[in-house]
Amino acid sequence: MRHLLAAALVGGATTGPLPAQEPLRLRYTEPARRWTEALPVGNGRLGAMVFGGVGSERLQLNEATLWSGGPKDWNNPGAREVLPQVRAAIFSGDFVKATELAKKMQGPYNQSYQPLGDLRLHFSGEAGGNPSSYERGLDLDRAVATVRYRVGDATFTREVFSTFPDQVIVVRLTCDQPGRIGLGLSADSPLRYAVETDGKDTLVLRGRAPSHVDPSYLSSKNPIRYDDGPNPEGMTFELRVRVRAEGGRVTSGGASLTVAKADAVTLLLSAATSFNGPHKSPGREGRDATAEALRPLEAAAKTTDADLMARHLADHQKLFRRVALDLGSAPGAAELTTDARLERFVRGEADPGLAALLYQYGRYLLIASSRPGGPPANLQGIWNESMRPPWSSNWTLNINTEMNYWPAEVANLAETHEPLLAFIETLAVNGRRTAEVNYGARGWVAHHNADIWAQTAPVGNFGFGDPKWANWPMSGAWLSTHLWEHYAFGRDLAFLRDRAWPVMKAAAEFGLDWLVDDGKGHLVTAPSTSPELSFHTPEGKEASVTLAATMDMSILWELFSDCLEALRVLGVEPEFGARLEAARAKLYPLRIGARGQLQEWAHDLMETEVHHRHPSHLFGVYPGRQITAAQPALFAAARRALEVRGDDGTGWSLGWKINLWARFRDGDHAYVLVKNLLRPVYDDGRTTYGPGGGVYANLFDAHPPFQIDGNFAFTSGVSEMLAQSRLSIARNGKASSEIDLLPALPSAWPAGSVRGLRMRGGFELAELAWANKGLSKVTVHSPVGGSVRVRYGARAVDLAMRPGGRVILGADLTRIP
Ligand code: FUC
């Protein structure tokens with residue numbers, strides 16, 4: 001059967017040939033039984049999980065803006081009253097009391113991302129018969145999920161893709177024998193809904209989302225609530241499925257459509273919601289979901305299948321083909337199913353192509369879940385079947401959302417960063433009000449969680465959440481470093497001036513107001529937590545609220561440094577710069593604890609969980625740039641802290657550790673984490689917080705449960721193993737960059753190449769090749785021009801490049817003409 005699928009995958013190259021690497025394909029010989037075996041397609045807004053059943057196909061559908069609830073005032077003026085009491089408790093050393101009091105600073109829980117529904121295809125006749133051969137797959141290069149099986153003398157093929165240019169999902173059903181395709185179509189939703197047909201060729205599902213959904217971790221009596229009053233709150237949505245049959249007959253009846261004896265069938269799926277931005281009620285001031293769903297459907301209906309496919313491929317491949325990764329291949333790997341490859345790899349057999357596949361899958365998933373104009377990728381990207389998904393499938397801002405975007409710039413998908421950058425701008429609007437009401441502070445703040453309503457207040461339901469996660473006020477600062485990163489990679493001056501700077505500045509203003517003098521000459525955050533981790537107090541009790549968590553200090557150091565560099569580039573606001581510089585110099589210094597480890601809090605406290613999943617205190621190593629080999633003692637202490645945390649963890653925790661070991665320039669240790677992240681995880685519906693992360697059969701990252709951040713951290717981590725970069729702006733505004741080649745190459749990947757990684761300062765590694773564990777060749781490309789120091793081991797060479805320039809260097813960094 002393999003040749004059949006291979007044949008279907010040929011052709012359609014629209015933006016140049018795919019460079020040599022293993023076929024980028026997930027493949028299986030059985031339909032999906034579980035959701036984490038189904039295969040994801042998406043265009044940033046419309047997502048589908050394709051199960052690939054023979055008798056009946058299930059397409060589990062999502063629309064990225066479909067959320068419960070609506071905008072509301074979640075700020076808590078009471079927080080401001082309690083703040084001085086919390087601070088007094090902290091400075092008197094009573095962390096238990098501070099932790100208890102901090103609960104009074106919370107706000108309500110955020111809302112939940114909702115599933116749209118399921119399209120079900122019930123195949124009749126041979127199309128639903130007993131197959132003699134079966135294969136399904138996902139071609140990452142074409143962004144098409146395929147199902148192919150043979151019944152009797154007929155081969156049936158299903159192709160599914162979600163196209164960004166045409167804003168529809170296309171399902172194409174074909175057969176190599178005429179008149180053999182028969183099926184019934186129906187649709188349903190876990191939300192309130194009704195289905196009908198237009199009497200001709202279109203199935204219409206209309207629904208409404210709840211006005212409130214409690215988070216999955218909360219046990220409550222009535223967790224899903226609909227507004228049954230007149231003029232109700234709650235987002236409305238509509239799914240339209242239009243059938244275009246070649247040959248045969250389409251009939252409609254009640255709530256289903258039937259196709260008989262067709263040669264080929266195309267289904268066009270369009271969906272939309274009444275979401276009208278974060279500040280308007282989706283129930284009362286919403287957009288017209290019907291009109292929004294109809295518009296792309298009517299346009300797609302006038303477009304041929306070939307044109308829909310061609311436009312989809314051109315759009316996807318323009319992004320996807322920018323990076324090619326070859327880590328070598330193992331014999332027989334291409335013949336194995338993806339789950340069998342995972343099993344073989346975990347038994348200890350080499351399969352470098354599997355790591356390359358997971359790397360490219362991260363890029364595929366980012367393209368499929370994050371496109372300009374839509375919301376950023378949430379905890380599950382855009383794929384969710386549950387009304388109470390894990391952690392509300394929200395934007396968790398103390399690591400997960402930021403992690404989703406770690407690969408965006410380096411793995412050459414800067415456009416996919418845009419939804420997050422735009423979301424940050426929205427949070428900055430709401431967060432200004434929260435800073436003022438909750439803390440009497442200037443600037444903007446965001447806390448642990450956000451939803452589509454851009455909630456910026458802390459969650460916890462006014463005292464029910466644990467402050468170790470609910471109260472965290474550092475999200476605005478962390479998110480704002482993404483604005484600088486976007487500039488650092490692309491050097492887009494207008495973006496920095498017009499969009500990034502105002503938001504960065506306001507985040508820094510909040511930081512300045514939030515910091516307090518500890519009376520000993522340092523600025524500290526208080527209250528302060530190290531995300532989700534408690535400590536033993538000197539009196540032997542447990543608490544989590546204290547002062548100057550290392551992560552707080554490092555995030556503010558990073559933000560202030562970004563702002564100072566932005567000011568130098570823009571040549572503006574020297575007084576503000578002076579304030580930032582003075583504050584940065586007074587930040588509570590990072591300290592080394594009794595175990596030789598970088599301390600997690602201002603005091604050398606013992607954590608309650610030694611192997612806790614969040615290596616938050618290592619922010620300054622990655623994603624930050626505060627702690628480098630230039631400060632050997634701190635660098636060694638940070639490394640020690642990572643050793644103390646261990647090599648296991650949840651999926652995303654393993655992913656973060658790949659990035660960290662890469663920054664410590666230890667390729668073989670990074671590879672231990674690569675291997676751990678590639679552990680097959682059987683989906684039994686459990687949530688675990690300790691060891692045991694990995695991937696599911698469909699290569700979705702397993703926290704467990706499914707959480708997409710680990711996929712994205714894997715991609716950024718492998719990028720960091722192969723090349724790292726740094727941009728610094730001198731006081732006179734002059735930019736200088738450094739690129740570090742193969743800083744953490746593991747011995748498991750002795751030879752290979754990568755094309756297209758982006759580097760800070762506006763550079764691109766058009767090609768980086770290595771052999772015998774050493775550099776063989778690198779081509780540096782500079783779209784915007786500039787000077788850069790290229791390092792490989794102890795060697796370095798300085799390049800001054802003009803815009804559009806390209807320099808080729810050999811194994812010893814000498815120029816190849
Ligand atoms: C934080 C993490 C959990 C999980 C959740 C979405 O609470 O500590 O591991 O990733 O976010």
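Provided above is the structure to which this section pertains.
Given the structure is predicted, the values throughout are model-derived calculations rather than measurements.

A word on the packing of helix H7 (residues 352-369) against helix H19 (residues 709-722)
Part 1 of the reasoning: One way to put it is that H7 packs onto H19 with a least axis distance of 8 Å and a crossing angle of 125 degrees. With respect to H19, the element H7 is oriented oblique. For the pair H7 and H19, the crossing hand works out as left-handed. Of the residues in H19, those touching H7 at Ala355, Leu358, Tyr359, Tyr361, Gly362, Arg363, Leu365, Leu366 and Ser369 are Asn711, Phe712, Phe714, Thr715, Val718 and Ser719.
Part 2 of the reasoning: Its residues assigned to classes, the contact of H7 with H19 comprises nine nonpolar, five polar and one charged.

Things to note about the layout of surface pockets
Part 1 of the reasoning: Of the volumes computed, that of the largest pocket is approximately 920 Å³.
Part 2 of the reasoning: Lining of the largest pocket is provided by 46 residues; of these, Arg625, Thr628, Arg663, Ser725 and Arg726 occupy positions nearest its centre.
Part 3 of the reasoning: Elements that contribute at least two residues to the lining of the largest pocket include exactly helix H9 (406-410), helix H12 (475-490), helix H14 (550-570), H19, strand S29 (723-729), strand S30 (735-741) and strand S35 (786-792).
Part 4 of the reasoning: For the lining of the largest pocket, the leading source of residues is H12, giving seven residues.

Let's talk about the side chain of lysine 468
Part 1 of the reasoning: Among the structural elements, lysine 468 can be located in helix H11 (residues 467-470).
Part 2 of the reasoning: In contact with lysine 468, other than residues within four places in its own chain, are Thr529, Pro531, Glu532, Leu533, Ser534 and Ser544.

Details of unusual backbone geometry
Part 1 of the reasoning: Here the amide bond leading from tyrosine 622 into proline 623 is cis, since omega sits at 10 degrees, within 30 degrees of zero.
Part 2 of the reasoning: Of note, proline 623 is situated in the loop between strand S26 (606-607) and helix H16 (632-645).
Part 3 of the reasoning: Although it is not a glycine, serine 393 sits at a positive phi angle of roughly 45 degrees.
Part 4 of the reasoning: By secondary structure assignment, the location of serine 393 is in the loop between H7 and strand S20 (395-396).
Part 5 of the reasoning: In this structure, arginine 665 is a non-glycine residue whose phi angle is positive, near 60 degrees.
Part 6 of the reasoning: Mapped onto the elements, arginine 665 comes out in the loop between helix H17 (651-663) and helix H18 (667-677).

Quick notes on the sheet that holds strand S25 (residues 542-543)
Part 1 of the reasoning: Pairing is antiparallel in the open sheet, where three strands are placed in the order S25-S24-S26. Looking at which strands have only one partner, the edges of the open sheet turn out to be S25 and S26.

Topic: the pattern of salt bridges
Part 1 of the reasoning: Under the defined criterion, the tally for this structure stands at 57 salt bridges.
Part 2 of the reasoning: For arginine 244, the salt bridge identified is with aspartate 305, shortest N-O distance 2.8 Å. One end of the pair, arginine 244, is in strand S15 (residues 236-246); the other, aspartate 305, is in helix H5 (residues 305-320), and 61 residues separate them in sequence.
Part 3 of the reasoning: Relative accessible area serves as the criterion here: at 23%, arginine 244 is assigned to the partly exposed category.
Part 4 of the reasoning: Linking arginine 433 and glutamate 436 is a salt bridge whose minimum nitrogen-to-oxygen distance equals 3.5 Å. Taken as a pair, arginine 433 and glutamate 436 lie in helix H10 (residues 414-439) at a separation of three residues, close to a single helical turn.
Part 5 of the reasoning: Assessed through its relative accessible area of 43%, glutamate 436 is described here as partly exposed.
Part 6 of the reasoning: Where salt bridges share partners, they join Arg58, Asp118, Arg120, Asp188 and Glu385 into one cluster.

Focus: the environment of aspartate 326
Part 1 of the reasoning: In this fold, aspartate 326 is placed in strand S19 (residues 324-326).
Part 2 of the reasoning: In this structure aspartate 326 comes out as partly exposed when scored by relative accessible area, which is 28%.
Part 3 of the reasoning: For the pair formed by aspartate 326 and glutamate 81, sequence separation is 245 residues and the distance between their alpha carbons is 58 Å.
Part 4 of the reasoning: A distance of 2.9 Å separates a polar atom in the side chain of aspartate 326 from the backbone nitrogen of glycine 328.

Quick look at the packing of aromatic side chains
Remark: the centre distance and the inter-plane angle together describe each pair of aromatic rings, the angle taken between the planes.
Part 1 of the reasoning: Scanning the model with the defined rule gives 29 aromatic pairs in all.
Part 2 of the reasoning: Between tryptophan 406 and tryptophan 656, the aromatic rings sit 5.8 Å apart at their centres with planes inclined by 70 degrees, giving edge-to-face as the arrangement. In this pair, tryptophan 406 is assigned in helix H9 and tryptophan 656 in helix H17, connecting sequence segments 250 residues apart.
Part 3 of the reasoning: Classification of tryptophan 406 as buried rests on a relative accessible area of 7%.
Part 4 of the reasoning: When the centroid spacing of 4.7 Å and the interplanar angle of 55 degrees are considered together, the rings of tyrosine 439 and tryptophan 514 count as tilted. Placement of the pair is tyrosine 439 in helix H10 and tryptophan 514 in helix H13 (residues 493-514), with a sequence separation of 75 residues.
Part 5 of the reasoning: A residue is classified by how much of its surface remains accessible, and tyrosine 439, at 9% relative accessible area, is buried.
Part 6 of the reasoning: The class for tryptophan 514 is buried, based on a relative accessible area of 3%.

The rules behind these values
Residues numbered from 1 in each chain as written. Predicted model: local features only at pLDDT ≥ 70, side-chain atom pairs only at ≥ 80, totals over all residues. Heavy atoms only, no water. Axes fitted to C-alpha atoms, helices over the stretch in contact; angles between N-to-C directions. Helix = DSSP H or I, 4+ residues; strand = E, 2+ residues; numbered from the N terminus. Parallel < 35°, antiparallel > 145°, perpendicular 65-115°, else oblique. Left-handed = near helix turned anticlockwise from the far one by under 90°. Contact = heavy atoms within 4.5 Å. Nonpolar A, V, L, I, M, F, W, Y, C, P; charged D, E, K, R; others polar. 1 Å grid on protein atoms, 1.4 Å probe; cavity = no way out; pocket = protein on both sides within 12 Å on 5 of 7 lines; lining within 4 Å. Points joined across faces, edges and corners; volume = space filled by probe spheres on them. Pairing = 2+ DSSP bridges. Salt bridge = Lys/Arg side-chain N within 4 Å of Asp/Glu carboxyl O. Buried < 20%, exposed > 50% of the residue type's maximum accessible area, 1.4 Å probe, protein only. Polar contact = N/O pair within 3.5 Å; in protein donor to acceptor, adjacent residues only side chain to side chain. Phe/Tyr/Trp six-rings, centres within 6.5 Å; stacked < 30°, edge-to-face > 60°.

Nothing here speaks to function; it is geometry throughout.
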